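Structural characterization, general
Each chain, written out:
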Amino acid sequence: MASERQINVGPVAIGGGAPVAVQTMTKTETADLSATMAQIRRVAEAGADIVRVAVPRDRDVEALKTIVRDSPIPVIADIHFNHTLALKALEAGAHCVRLNPGNIGGPDKVAEVTALATRLGTPLRVGVNSGSLPAHLRQLEYDNPVEALVTAAVETVELMERLDFQNFKVSMKSTSVPNTIAANRLLSVRIPYPLHLGVTEAGTKWSGSLKSAVGLGTLLADGIGDTIRISLSTFHAEEEVKVAWEILKALKLRERGPVLIACPTCGRLQFDMDMVVAEVERRLEDYEDPIEVSVLGCAVNGIGEARHADFGITGAKDMGMIYSKGEPLKKVPTEKLVDELFKEIDRYYAAGKVVQRDERAAAEAREWLSENEDETAMTPERMAALEAAAADDAALLDESVSPVAGRRFTRA
Ligand code: SF4
């Protein structure tokens, strides 16, 4: 249920079935050019498709001209209350301007902005915030906050259409996850324009990431949402980008860089898995390919659960094993597991993405695995074998049923 319409923010298509775009917002004073540009480069490196900068003063508009020229990704100017700044931001070459028509000074001023945006071919992001709904919706907001949010957004869209302007996307911001989900579900079937999703003031890196993953993930899984921003209380905007990507990767909506799988650990763990996982995660940041790497804390369940991983390690007290696509590659002393894992990954890439297998080392690893597996554990391989045996039994039983009386003969 992607939006019907598509707009373009610079070269980035939004809506109409385009990949969900990742946005973030700089945390610097925009007029501080060196700090702002450094942060824009960091978020671009982390995978932001689009970046938004706050433009509350004239000196920020001045800086915007340079930022638009030098930024590696399209730039959205974020404007509140002041339509003159919106006009100046458009003149400065912003690839998109974000404003809430409800707080910009009335329809006439919005019309001035849409007229210039039309002339320049620049899209707008228009929206509403749960904290600043128009006065006539206050009672509805009290009775039904979701309907109030949707009504305000629809009124904004109707204003844009009356002004003969369709080059926009819409956002409805709420701090409430259930209201964000409910409101966007309703709005997505009422308007054809692209939707920008976000849970506003979500919180710290920890709680904000979770709230955003639940709220945005639910909507994205339903096909709702064309661009997302994760709002976190951190100065490091690239953290927002990383969280956005993890949500999109988890839903298999987009691919970027490796996927790390790690078991949750339990009382069977015999080595410092926290350190190993952190080190694997850190080193994987140097790779761009979407390979899947798995870290299992022990070999009790074999490697069946990580069978699909391109590469993986499983450890024990002194010795561990490296595997690929469910097949052991070699056993390695635990303290060398991470180094050896990355040697194998690098050999794979050096050979044009072909796993390099040494049969003698693989045989040793298989032997180690069979010694360390728990013989009583229901590994996927054992479950598959049991299921196959049960299916064979059932087939034999069927053959021994009398075709005449439908009664089973007792088998010897
Ligand atoms: S792989 Fe081993 S250590 Fe990790 S959760 Fe499973 S049983 Fe526990």
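Above this note sits the structure.
Conventions used here
Residues numbered from 1 in each chain as written. Predicted model: local features only at pLDDT ≥ 70, side-chain atom pairs only at ≥ 80, totals over all residues. Heavy atoms only, no water. Salt bridge = Lys/Arg side-chain N within 4 Å of Asp/Glu carboxyl O. Helix = DSSP H or I, 4+ residues; strand = E, 2+ residues; numbered from the N terminus. Buried < 20%, exposed > 50% of the residue type's maximum accessible area, 1.4 Å probe, protein only. Pairing = 2+ DSSP bridges. Axes fitted to C-alpha atoms, helices over the stretch in contact; angles between N-to-C directions. Core = buried A, V, L, I, M, F, W, Y, C linked by side-chain atoms within 4.5 Å. Contact = heavy atoms within 4.5 Å.

Considering the pattern of salt bridges
Considering all chains together, one arrives at 30 salt bridges under this definition. A salt bridge links Glu-239 to Lys-242; its shortest N-O distance comes to 3.8 Å. Remark: Lys-242 and Glu-239 occur in helix α9 (residues 237-250); sequence separation between them is three residues, near one turn of the helix. Judged by its relative accessible area of 36%, Lys-242 is partly exposed.

Thoughts on the sheet that holds strand β4 (residues 50-54)
Reading around the barrel, the eight strands line up as β3-β4-β5-β6-β7-β8-β9-β10 and close back on themselves, with parallel pairing between neighbours. If you compare each strand with its neighbour and ignore which way they point, the axes differ by 25° on average. Sheet analysis places strand β7 (residues 124-129) next to strand β8 (residues 168-173), joined by six bridges and oriented parallel. Paired with Arg-125 across the two strands is Lys-169, which belongs to β8.

Regarding the nonpolar core
If you look at the biggest cluster of nonpolar residues, it comprises 75 residues, and the most contacted ones within it are Leu-64, Ile-79, Val-97, Phe-168, Val-170 and Leu-187. With 10 residues, helix α6 (residues 145-162) is the largest single contributor of residues to this core. If near-sequence neighbours (up to four positions away) are discounted, Leu-64 is found in contact with Val-53, Val-55, Val-75, Ala-77, Ala-89, Ala-92 and Ala-94. Core analysis: the next-biggest nonpolar cluster, separate from the first, contains 21 residues, Val-280, Tyr-287, Phe-311 and Leu-341 among them.

Coordinates in, geometry out; function isn't part of it.
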